[in-house]
Amino acid sequence: MNIYAAIALAVVLAFLLAFLLGFAVIPWLRKLKFGQTILDIGPAWHKSKQGLPTMGGILFIAGTLVSFAAVLVTDGLLGGELFASGSVVADSMKIKLIAGVLLAVGFGLVGFFDDYIKVVKKRNLGLTILQKSVAEVALMLAYLAALYMSGNTYMLIPFVGSVDLGFFFWFFGLAVIYATVNAVNFTDGVDGLCGSVTATAAVAFAVAACLRGMFGVGILSAALFGACAGYLIWNHYPAKVMMGDTGALFLGGLIVALAYAIDCPLIILCFGVIYVLEFLSDVLQIGYFKATHGKRIFKMAPIHHHFELCGWKEKKIVTVFTLVNLLGCGVGLALFYYGVVRV
């Protein structure tokens, strides 16, 4: 199957699935009273979103996974081998993709149980910190073990080359996965923000994967883009549904999986520059608050709330943040092309 046709099919199919599912899923969530709980610590005007259906991440999760599977099955029936392309050892690529998808689904399930407890059990904080930490660490270790046993302990650094991390692979991996998943979750705080930023990151990963001939990764990235676009029809301001932790944790897991699949986890710093800024703003705020016994750097963290309190409308925040992430994607692709593909 032609790679361009496969990518186009992945985008269109994922978009339609995510969009059309909204007609059934959103009323179903309303009927089950799976509504958003707005905490008092957020901006006061967010209270208007109280009761808004959450767990909307189901839309792009289904869109991404079904589209990815459908395109690969179609390619296989036509005699193609796009799934394992781009790797000297085909099984190595298959493991990276399958383990990556399972990592994202696993994080999505953790988010689902967290959302379920919040909206059904009426516990604002959902899973306890211990419960969530144990589940997430188990998922991270299982994913890293799959990579380790298949020999994927190296990573590409632009203009440096392939670096085998050895035993440090475990510590580095845990830090990257934990930080990325939480950073993506922090980004989900304004209508359309996380979906828009992730859509730009998905395009960048698709381009980077195709530059290296990793067409299976490119198809998965394309499916993610299409699904995010379909979901944004329901989630743009004013949102009709929120992704919840179900969607945010899935996206975090999949972003990590895509970065590892192209052998360059550090590229997240560029392709997900907004994730990085959101995460750092929260870390800096907490650290400064504790060090100064109550003083703050930002009016509120993560940083999108700071701009809200400065008077920015949600649409402006989404537009500016998405453009900044798009710029980061451009820088990342330049580094990837000249520092990895051409080297």
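Criteria and cut-off values
- Each chain carries its own residue numbering, running from 1 in the written order of its sequence.
- A pLDDT threshold of at least 70 governs which residues receive local features in this predicted model, and a stricter bar of 80 or more applies before side-chain atom pairs are shown or counted, although totals over entire chains, interfaces and linings include all residues.
- Water and hydrogen atoms were dropped before computing side-chain values, which therefore reflect all heavy atoms in the structure.
- In this text, helices come from DSSP runs of H or I with a minimum length of four residues, and strands from runs of E with a minimum of two, each type numbered from the N-terminal end.
- In this setup the radius of gyration rests on C-alpha atoms only. A globule is expected at 2.2 Å times the number of residues raised to 0.38.
- Relative accessible area decides the class of each residue, using a 1.4 Å probe on protein chains only: under 20% of the type maximum gives buried, over 50% gives exposed, and in between gives partly exposed.
- Two residues qualify as a contact provided that any one of their heavy atoms is within 4.5 Å of a heavy atom in the partner residue.
- Per-residue and other accessible areas follow the Shrake-Rupley method at a 1.4 Å probe size, with only the shown protein chains counted as cover for residues.
- Asp and Glu are treated as the negative residues and Lys and Arg as the positive ones, with His and the ends of the chain left uncounted.
- Think of each charge as sitting on NZ of Lys, CZ of Arg, CG of Asp or CD of Glu.
- Pairing of aromatic side chains here covers Phe, Tyr and the six-membered ring of Trp, requires ring centres within 6.5 Å, and sorts the geometry by plane angle: under 30 degrees stacked, over 60 edge-to-face, intermediate tilted.
- Nonpolar side chains (Val, Leu, Ile, Met, Phe, Trp, Tyr) within 5 Å and like charges within 9 Å form the patches, drawn only from residues with over 30% relative accessible area and no salt bridge.
- We count a salt bridge whenever a side-chain nitrogen from Lys or Arg sits within 4 Å of a carboxyl oxygen from Asp or Glu.
- Under this definition, polar contacts are N or O atom pairs within 3.5 Å; protein pairs additionally need one hydrogen-donor-capable and one acceptor-capable atom, and for neighbouring residues in sequence, both atoms have to be side-chain atoms.
- Here, the term disulfide refers to a pair of cysteine sulfur atoms separated by no more than 2.5 Å.
- To obtain an axis, a line is fitted to C-alpha atoms, over the contacting stretch when the element is a helix, and the angle between two such axes runs from 0 to 180 degrees between their N-to-C directions.
- In this scheme the handedness of a crossing depends on how the near helix is turned from the far one: anticlockwise by less than a right angle means left-handed, clockwise means right-handed.
- UniProt positions are given in the numbering used here, feature names are shortened, and annotations may be inferred rather than shown by experiment.
- Residue count minus one, scaled by 1.5 Å, sets the expected span of a helix.

Draft legend 1. Here's a closer look at the overall build of the protein. Helix and strand counts for the protein stand at twelve helices and two strands. When the helices and strands of the protein are read in sequence order from the N terminus, they spell out α-α-α-α-β-β-α-α-α-α-α-α-α-α. Expected size for 343 residues packed as a compact globule is a radius of gyration near 20 Å; at 19 Å, the protein falls within 12% of this value. The principal-axis extents of the C-alpha atoms in the protein amount to approximately 55 × 50 × 35 Å. By residue count, 51% of the 343 residues in the protein fall in the buried class. A separation threshold of at least 6 residues defines the contact pool for the protein, and within that pool the share at least 24 residues apart is 75%. Looking at the protein as shown, the accessible area adds up to about 15000 Å², and 71% of this sits on carbon and sulfur atoms. Charged side chains of the protein number 22 positive and 16 negative; the gap between the two group centres comes to 9 Å.

Draft legend 2. Focus on the packing of aromatic side chains. In the structure shown here, the tally under the stated rule is 20 aromatic pairs. Ring geometry for F15 and F19: centres 6.2 Å apart, planes at 25°, overall stacked. Here F19 and F15 lie together in helix α1 (residues 3–31), a separation of four residues that amounts to about one turn. When its relative accessible area of 27% is taken as the criterion, F15 is described as partly exposed. Here F19 falls in the partly exposed class, since its relative accessible area comes to 22%. Judged by centre distance (6.3 Å) and plane angle (40°), the ring pair of F60 and F250 falls under tilted. Pair noted here: F60 is in helix α2 (residues 57–77) and F250 is in helix α8 (residues 244–261), with a separation of 190 residues, a long-range link. According to the relative accessible area criterion, F60 is buried, its value standing at 0%. Exposure remark for F250: the relative accessible area of 1% places this residue in the buried category.

Draft legend 3. Just a nonpolar patch on the surface, in detail. Nonpolar side chains collect at one region of the surface, where F159, L327, V331, L335, Y338 and V343 lie side by side and expose about 640 Å² of accessible area between them. Mapped onto the secondary structure, Y338 falls in helix α12 (residues 314–341).

Draft legend 4. Structural detail: the side chain of N235. Of note, N235 is situated in helix α7 (residues 215–235). Here the side chain of N235 touches G192 through a polar contact of 2.9 Å, landing on its backbone nitrogen. Those residues in contact with N235, other than ones at most four positions away along the chain, are D191, G192, V241 and M242.

Draft legend 5. Expanded view of the state of the cysteines. For the structure on display, the rule yields zero disulfides. Unpaired in terms of disulfides, C264 finds its nearest cysteine sulfur in C270, a separation of 8.7 Å.

Draft legend 6. Here's a closer look at the packing of α1 against α2. The contact between α1 and α2 brings their axes to 8 Å, and the two run at 145°. Pair α1 / α2 crosses with right-handed handedness. Here α1 contributes A6, L9, A10, L13, A14, L17, A18, L21, G22, V25 and W28 to the contact with α2, which in turn contributes I58, L59, F60, A62, G63, V66, S67, A70 and V71.

Draft legend 7. Seen up close, the UniProt feature "binding site: Mg(2+)" (unreviewed entry) in the protein. In the numbering used here, UniProt assigns the feature "binding site: Mg(2+)" (unreviewed entry) to N185 and D245. The annotated residues occupy 61 residues of the chain but converge on a single region, no pair of C-alpha atoms lying more than 7.0 Å apart. The class of N185 is buried, set by a relative accessible area of 18%. Classification of D245 as buried rests on a relative accessible area of 10%.

Draft legend 8. Structural view of α12. The end-to-end C-alpha distance of α12 is 38 Å, a good match for the 40 Å that 28 residues give at a rise of 1.5 Å each. By the burial criterion, the buried members of α12 are E314, I317, V318, F321, T322, N325, G328, C329, G332, F336, G339 and V340. Its buried side turned inward, α12 meets β1 (154–157), α6 (193–211), α9 (268–271), α10 (273–291) and α11 (303–309).

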